[in-house]
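Below are the chains, spelled out letter by letter.
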Amino acid sequence: MPTPIMVTTGTTVTGDVIAGTAPNYIVKGMPIATVTAPVAGAACTGVIASSTATHLIVNGLPVANITSTVSGANTVTGVPVTTAAMATTGVNVIC
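(A) The pairing of strand β10 (residues 80-87), seen in detail. Two strands pair when backbone bridges link them, and strand β1 (residues 11-12) and β10 are joined in this way by two bridges, in the antiparallel orientation. In the sheet register, Thr-11 faces β10, and the bridge partner there is Ala-87. Hairpin remark: strand β9 (residues 69-73) followed by β10, antiparallel, with six residues in the connecting loop; positive phi at Gly-78, about 80°.

Next up, the structure:
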């Protein structure tokens, strides 16, 4: 099912901020995020590990979208955390 793409300042379900990794592709004034984009916050620090938008490739990587899987670790305890990308301002670009 098509979903909106993730851009810089998008957030995960746990409230962690996603950084864009494709500065040459701008949506609503923000770089888009791809698989391997860094994620940082209080609940999880890691990267976007997978995406369902495998048909759209930017800079050699699939574009991240809502429901992309984020893998990392809790910044306080170090416990592994898996969450999902949730909120984005790139709602007008569907992939």
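This is not the end of the story, as more comes after the structure.
(B) The nonpolar core, seen in detail. By size, the foremost hydrophobic cluster in this structure holds twelve residues: Met-6, Ile-18, Ala-33, Ala-37, Val-39, Cys-44, Ile-48, Ala-64, Ile-66, Val-70, Val-81 and Ala-85. Excluding anything up to four places from it in sequence, Ala-37 contacts Ala-19, Thr-21, Gly-46, Val-47 and Ile-48. Formed by nine residues, the second largest nonpolar core is a distinct cluster that contains Val-7, Ile-32, Ala-53 and Val-58.

(C) Highlighting the pairing of β9. For strand β6 (residues 45-50) and β9, the ladder comprises five bridges, and the chain directions are antiparallel. Opposite Ser-50, over in β9, you have Thr-69 as the bridge partner. In terms of strand pairing, β9 meets β10 through five bridges, oriented antiparallel. The residue bridging Thr-69 from the neighbouring strand is Ala-84, located in β10.

Definitions and cut-offs
Residues numbered from 1 in each chain as written. Predicted model: local features only at pLDDT ≥ 70, side-chain atom pairs only at ≥ 80, totals over all residues. Heavy atoms only, no water. Pairing = 2+ DSSP bridges. Helix = DSSP H or I, 4+ residues; strand = E, 2+ residues; numbered from the N terminus. Core = buried A, V, L, I, M, F, W, Y, C linked by side-chain atoms within 4.5 Å. Buried < 20%, exposed > 50% of the residue type's maximum accessible area, 1.4 Å probe, protein only. Contact = heavy atoms within 4.5 Å.

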